[in-house]
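Remarks on the overall topology
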Amino acid sequence: MAQSVTRKILEAHLVSGKLEPGQEIGLSVDQTLLQDATGTMACLEFEAMNIPQVRTKLSVVYVDHNMLQTGFENADDHRFLQTIAARHGMYFSRPGNGICHQVHMERFAVPGRVLLGADSHTPNAGCLAMLAIGAGGLEVAVAMGGGPFYIPMPKVVQVYLKGKLQPWVAAKDIALELLRRLTVKGGIGKVFEYSGPGVDSLTVPERATICNMGAELGATTSVFPSDEQTRLYMTRQKREHQWAPLAADPGAQYDGTIEIDLDKLEPLIACPSSPDNVVPVHQVAGTPVAQVAIGSCNNSSFHDLAVVAAVVKGKRVGPGVSLVVTPGSRQALQMATSYGFLMTFVQAGARILESACGPCIGMGQAPPSEGVSIRTFNRNFPGRSGTPNDRVYLCSPEVAAACALAGKIADPRELGAYPQIKEPEEFIIDDAMVLPPSKDGAQVQVLRGPNIKPLPAAQPPGQETRGRVLIKVGDNITTDHIMPAGASILPLRSNVPAISQHVFGRVDKEFVKRCQEWHGGVIVGGVNYGQGSSREHAALAPMYLGVRAVLVKSFARIHWANLINFAILPLTFVNEKDYDTLEQGDELEVLNLRQQVRQGRRVKVTNKTKGTTIETEHQMTERQVAIYLAGGLLNHVKQQASAAAPAS
Ligand code: MIC
Ligand code: SF4
């Protein structure tokens, strides 16, 4: 059978299951990636498994999210991660070295391999023909220990690109075009594989922008072939020896095809407050702008910075606009320095930030109340910027630069000729900020701080469960709604009791109080519940508050898996109309829970307040049922390890 790139990688890594859509498959994992905001928990989880050294080809821990250090917490986390990485065989990318996805692309991604990362934008590495998937920290910890990663076999959709991007139209516009067509749930259960003549002209960083934003489609991942562009990029990164070609066979079978004619694409922009709220830029042109932010793992490579520098060179941003530039990595920052872009930015009145996630995750640079912020980022969920009534737009660096000069939303095509940007023949290679693991890990002492609290234990479910509806929310609820981040909350990632006090904090200030008064309960939601980040805190913190089940119309993949891994029962309505009958405060009950879950997919939920019965379904596989009944993945792994241990 003629095979796609995706299928070739899957087949080479398959350890269980069949490559048939919907079937659960187990994959061996070559590389793992952790970042500090999800990584402290993942490292504590890895520690709890009692495995001395990671068993992957490469595991890297990055520090890029929690960088404000307004108190001791972040710095303690950094030190903890550095020492635990040294002890257990992981590379450690020091604070200042850059955003995990950018650095991984530059220095570590290898065509044909599988990467599992505790961050939803891990698919960024699909730009180098990796099958790169985001997951909860616990699943990444299991993979670090050599365990397989399980997912339902996705559908493989071909994205056929023809033509060539026109001047001022960017890779970001391809990502936005897909979001315009498919919405934030259009990619659920799918891998997007790029092919066609339009692929050849796209550079690796451009491919990264596209793969990165597949996360916003809800896709399992996105992937490009490994070709001459890949070889060129890896050569410039002095990694040519790691390059290998990888292409789909002629006539490869796909589960669907989407065609995009690059010649016809125009500059696009995602309006507040969802990445799929996409329109052509000219439709919203003229809207006054308060802030323009260049950066994030989505758009902060050399070319992104170069194009902004070319546009603003010799000009100054208007008095009403704050321009913020965040180079994505130390390499990008060094390149920007040596090419003189930094000088250009400073002269134009820009504010320069260190290489980190920064404003993308609300770590500083919150825009003014109701002020329009134009960002080259990937997410504009409400309040994520740190301003409750924010109006965040997402676009390419080309559009953002035009807006910065005009002081209003502007179509970059009005700027005249597109600047000639020559890609560098080679990048500055300096891995001094990546520390290799210790040769004698057992001797390394792991340093902890007072904010790093032990992982709360999940409990196996009982025979019956009761609880009131704690909150009823609508469609497309993000993990930013469930477990907000930002400058005041992110530093609490290593302290579940403290961070749990902020669950649903931006949606309903009384939620936590109700959890305490009602001794936990059930969350009710609409479609695509839990979209967005991979943060397992969006399951872990509700678990800590006593949430026992989440009953929704449909789930986003990573959050669904995180719920199971922390022993929260994920249920969907068999009849979506039942959603309308439920109200906050209703008392729900499930009898014979353990049998029901084991025997089949149906679970009967009684609404004791309304006197009705609701048919629900759990979509867990047999393996996941065992995890749920064991009281979560960590308990399950421990049980398996003790069952396998020789009797003493
Ligand atoms: C995000 O972009 O939302 C984050 C912050 O990178 C998250 C990870 C986290 O919450 O730590 C993600 O995308 O998974
Ligand atoms: Fe960091 Fe933003 Fe990328 Fe998440 S999306 S990894 S917060 S830059």
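Remember, it's a predicted structure, so these values are computed and weren't measured experimentally.

In terms of regular secondary structure, the chain is built from 22 helices and 27 strands. At 24 Å, the chain has a C-alpha radius of gyration in line with the 26 Å of a compact globule built from 648 residues. Expressed as a percentage of the 648 residues in the chain, the buried residues total 63%. Long-range contacts, defined as pairs at least 24 residues apart, comprise 77% of the intrachain contacts of the chain with a sequence gap of at least 6. Total accessible area computed for the chain in this model is approximately 22800 Å², and 51% of it derives from carbon and sulfur atoms. In the chain, the 61 positive side-chain charges and the 60 negative ones have mean positions that sit 2 Å from each other.

The subject of this paragraph is the sheet that holds strand S5 (residues 91-93). Taken in spatial order, the 6 strands line up as S7-S6-S3-S4-S5-S20 in an open sheet, and their pairing is mixed. Both outer strands of the open sheet, strand S7 (131-134) and strand S20 (434-435), are each paired with one neighbouring strand and no more. As defined by bridge partners, S5 adjoins S20 across 2 bridges and the pair is classed as antiparallel. Bridge pairing in S20 places Ser-93 opposite Val-434.

Glancing now at the sheet that holds strand S11 (residues 221-223). Overall, parallel pairing links the 4 strands, which are arranged S11-S10-S9-S12 in an open sheet. In this open sheet, the two strands that pair with only one neighbour each are S11 and strand S12 (256-261). Geometrically, the sheet is characterised by an average inter-axis angle of 20° between neighbouring strands, direction not taken into account. Strand direction decides the pairing type here: strand S10 (residues 190-195) and S11, joined by 3 bridges, are parallel. Bridge pairing in S11 links Val-191 to Thr-221. Helix H1 (residues 5-13) contacts strand S9 (155-162), S10 and S11 of the sheet and is inclined by roughly 125° relative to S10.

A few words now on the site of ligand 1. The environment of ligand 1 is made up of 14 residues, and the closest members are Asp-119, Ser-120, Arg-493, Ser-534 and Arg-535. One of the side-chain N or O atoms of Gln-35 is found 3.0 Å from an oxygen atom in ligand 1. Contacts to ligand 1 include Arg-535, whose side-chain N or O atom sits 2.6 Å from an oxygen atom. Protein contacts shield 97% of the accessible area of ligand 1, which totals 340 Å² for the unbound molecule.

What follows deals with the site of ligand 2. In the region of ligand 2, the neighbouring residues are His-65, His-101, Asp-119, His-121, Ser-296, Cys-297, Cys-357, Cys-360, Ile-361, Asn-378 and Arg-384. Residues that form the shell around ligand 2 fall into these classes: 4 nonpolar, 5 polar and 2 charged.

Relative orientation of the contacting elements helix H21 (residues 622-630) and helix H22 (residues 633-644) amounts to 100°, with a least axis distance of 7 Å. The orientation of H21 relative to H22 falls into the category roughly perpendicular. Residues Ala-626, Ile-627 and Ala-630 of H21 form the contact with H22, whose own contacting residues are Leu-633, Asn-635, His-636 and Gln-639. For the contact of H21 with H22, the per-class residue count stands at 4 nonpolar, 3 polar and no charged.

Right, let's get into the packing of aromatic side chains. Under the definition given, this model contains 10 aromatic pairs. Here the aromatic rings of Phe-302 and Phe-341 are separated by 5.5 Å at their centres, their planes lie at 45°, and the arrangement is tilted. One end of the pair, Phe-302, is in helix H10 (residues 302-312); the other, Phe-341, is in helix H12 (residues 341-348), and 39 residues separate them in sequence. The exposure class of Phe-302 is buried, given its relative accessible area of 5%. Using a relative accessible area of 10% as the deciding quantity, one classes Phe-341 as buried. By way of ring pairs, the aromatic residues Phe-302, Tyr-339 and Phe-341 are connected into one cluster.

With that settled, consider helix H6 (residues 171-182). For H6, which comprises 12 residues, the first-to-last C-alpha distance of 17 Å matches the rise-based estimate of 16 Å (1.5 Å per residue) to within 8%. With 9 of its 12 residues buried, H6 lies for the most part within the structure. Ala-171, Lys-172, Asp-173, Ile-174, Ala-175, Leu-176, Glu-177, Leu-178 and Leu-179 are the residues of H6 that are buried. Following H6 by one or two positions, Thr-183 has its phi on the positive side, about 70°.

Turning next to the pattern of salt bridges. Scanning the entire structure with this criterion turns up 32 salt bridges. In this structure, Asp-249 and Lys-8 form a salt bridge, with 2.8 Å as the shortest nitrogen-oxygen distance. Of this pair, Asp-249 sits in the loop between helix H8 (228-236) and S12 while Lys-8 sits in helix H1, placing them 241 residues apart in sequence. As a salt-bridge pair, Asp-431 and Arg-107 come within 2.8 Å of each other at their nearest N and O atoms. Residue Asp-431 is located in the loop between helix H13 (397-406) and S20, and its partner Arg-107 is located in helix H4 (residues 100-107); the two are separated by 324 residues in the primary sequence.

Next up on the list: unusual backbone geometry. Following Pro-272, the chain continues into Ser-273 via a peptide bond in cis, with omega recorded as -10°. For Ser-273, the location among the structural elements is in the loop between strand S13 (268-270) and strand S14 (278-280). The backbone of Ala-129 shows a phi angle near 60°, a positive value even though the residue is not glycine. Position of Ala-129 among the secondary structure elements: in the loop between strand S6 (114-117) and S7. Even without a glycine there, the phi angle at His-519 is positive, about 55°. You can see His-519 is positioned in the loop between helix H16 (511-517) and strand S22 (521-525). We classify His-519 as exposed; its relative accessible area is 63%.

The nonpolar side chains of a soluble globular protein tend to be buried, and buried together. Counting residues in each nonpolar core, the largest one holds 108 residues, and the members touching the most others are Phe-504, Phe-511, Tyr-529, Val-550 and Tyr-628. Here this core gets 6 residues from one element, more than from any other, and that element is helix H5 (residues 137-144). For Tyr-529, the contacting residues outside a window of four places in its chain are Val-473, Ile-477, Ile-482, Phe-504, Ile-523, Val-550, Val-552, Ser-554, Phe-555, Ala-556 and His-559. Of all hydrophobic cores here, the second largest spans 60 residues; its members include Val-204, Cys-271, Val-308 and Leu-323.

What follows concerns the pairing of S10. Counting buried residues in S10 gives 5 out of 6 residues, a clear majority hidden from the surface. The pairing of S9 with S10 spans 6 bridges and is classified as parallel. Bridge pairing links Lys-155 to Lys-190 in S10. Considered for its hand, the β-α-β crossover made up of S9, H6 and S10 is right-handed.

Cut-off values and rules
Residues numbered from 1 in each chain as written. Chains lettered and ligands numbered in written order. Predicted model: local features only at pLDDT ≥ 70, side-chain atom pairs only at ≥ 80, totals over all residues. Heavy atoms only, no water. Helix = DSSP H or I, 4+ residues; strand = E, 2+ residues; numbered from the N terminus. Rg over C-alpha atoms; globule rule 2.2 N^0.38 Å. Buried < 20%, exposed > 50% of the residue type's maximum accessible area, 1.4 Å probe, protein only. Contact = heavy atoms within 4.5 Å. Areas by Shrake-Rupley, 256 points an atom, 1.4 Å probe, with all protein chains shown as cover. Lys, Arg positive; Asp, Glu negative; His and termini not counted. Charge placed at Lys NZ, Arg CZ, Asp CG, Glu CD. Pairing = 2+ DSSP bridges. Axes fitted to C-alpha atoms, helices over the stretch in contact; angles between N-to-C directions. Near = heavy atom within 4 Å. Polar contact = N/O pair within 3.5 Å; in protein donor to acceptor, adjacent residues only side chain to side chain. Nonpolar A, V, L, I, M, F, W, Y, C, P; charged D, E, K, R; others polar. Parallel < 35°, antiparallel > 145°, perpendicular 65-115°, else oblique. Phe/Tyr/Trp six-rings, centres within 6.5 Å; stacked < 30°, edge-to-face > 60°. Expected span 1.5 Å × (residues − 1). Salt bridge = Lys/Arg side-chain N within 4 Å of Asp/Glu carboxyl O. Core = buried A, V, L, I, M, F, W, Y, C linked by side-chain atoms within 4.5 Å. Right-handed = clockwise from strand over helix to strand, strands pointing away.

As far as function goes, none of this settles anything; it's purely spatial.
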